[in-house]
Amino acid sequence: MSSTTTWAVTGMTCGHCVASVTEELKEVDGVTDVQVDLPTGAVVVTSEAELSREAVEAAVTEAGYQLA
């Protein structure tokens, strides 16, 4: 069963920001898809199982941004 969760990410301003966040999140174990809406900062993560906030936050922080 897959899980889809929407997270709010602050600090993204361009396509490069979106690519960085997407790349880091796709490296998290179990993540199958990442969709980023730049204007709203919404990041929809689809994964094989529910992800912990810590796992998502670590990936977003590694990309240089913050969870709201």
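1. Comments concerning the overall build of the chain
Helix and strand content of the chain: two helices and four strands. When the helices and strands of the chain are read in sequence order from the N terminus, they spell out β-α-β-β-α-β. Relative to the 2.2 N^0.38 estimate, which gives 11 Å for 68 residues, the radius of gyration of the chain is 11 Å and therefore close to what a compact globule would have. Dimensions along the principal axes, computed over C-alpha positions, put the chain at roughly 35 × 20 × 20 Å. For the chain, the proportion of its 68 residues judged to be buried stands at 37%. Within the chain, contacts between residues separated by at least 24 positions form 59% of all contacts whose residues are at least 6 apart in sequence. Accessible surface for the chain amounts to roughly 4,000 Å². Of this, 49% is attributable to carbon and sulfur atoms.

2. Brief notes about the environment of A58
Positionally, A58 belongs in helix α2 (residues 53-63). The class of A58 is partly exposed, set by a relative accessible area of 47%. Through-space distance from the C-alpha of A58 to that of E24 is 9.0 Å; in sequence the pair is 34 residues apart.

3. Some details on the state of the cysteines
Per the counting criterion, the structure on display carries zero disulfides. Its sulfur unpaired, C14 is 3.5 Å from the next cysteine sulfur, which belongs to C17.

4. Brief notes about the nonpolar core
Counting 18 residues, the largest nonpolar core has L25, V43 and Y65 as the members making the most contacts within it. Looking at this core, the elements that each hand over two or more residues are β1 (3-10), α1 (15-26), β2 (31-37), β3 (42-47) and α2. Residue contributions to this core peak at four residues, all from α2. If near-sequence neighbours (up to four positions away) are discounted, Y65 is found in contact with V9, T10, G11, M12, C17, S20, V21 and V60.

5. Observations concerning α2
Given 3.6 residues per turn, any residue in an α-helix points the same way as the ones three and four places further on. Of the positions making up α2, those classed as buried are V56, A59, V60 and A63. Looking straight down α2, one finds its buried side chains confined to an arc of 95 degrees; they lie on one side. Of the exposed residues in α2, those oriented more than 90 degrees away from the buried face are E54 and E62. In this fold, the buried residues of α2 make contact with β1, α1 and β4 (66-67). A positive phi of about 100 degrees marks G64, the residue just after α2.

Conventions we followed
- Residues numbered from 1 in each chain as written.
- Predicted model: local features only at pLDDT ≥ 70, side-chain atom pairs only at ≥ 80, totals over all residues.
- Heavy atoms only, no water.
- Helix = DSSP H or I, 4+ residues; strand = E, 2+ residues; numbered from the N terminus.
- Rg over C-alpha atoms; globule rule 2.2 N^0.38 Å.
- Buried < 20%, exposed > 50% of the residue type's maximum accessible area, 1.4 Å probe, protein only.
- Contact = heavy atoms within 4.5 Å.
- Areas by Shrake-Rupley, 256 points an atom, 1.4 Å probe, with all protein chains shown as cover.
- Disulfide = S-S within 2.5 Å.
- Core = buried A, V, L, I, M, F, W, Y, C linked by side-chain atoms within 4.5 Å.
- Arc of directions from axis to C-beta.

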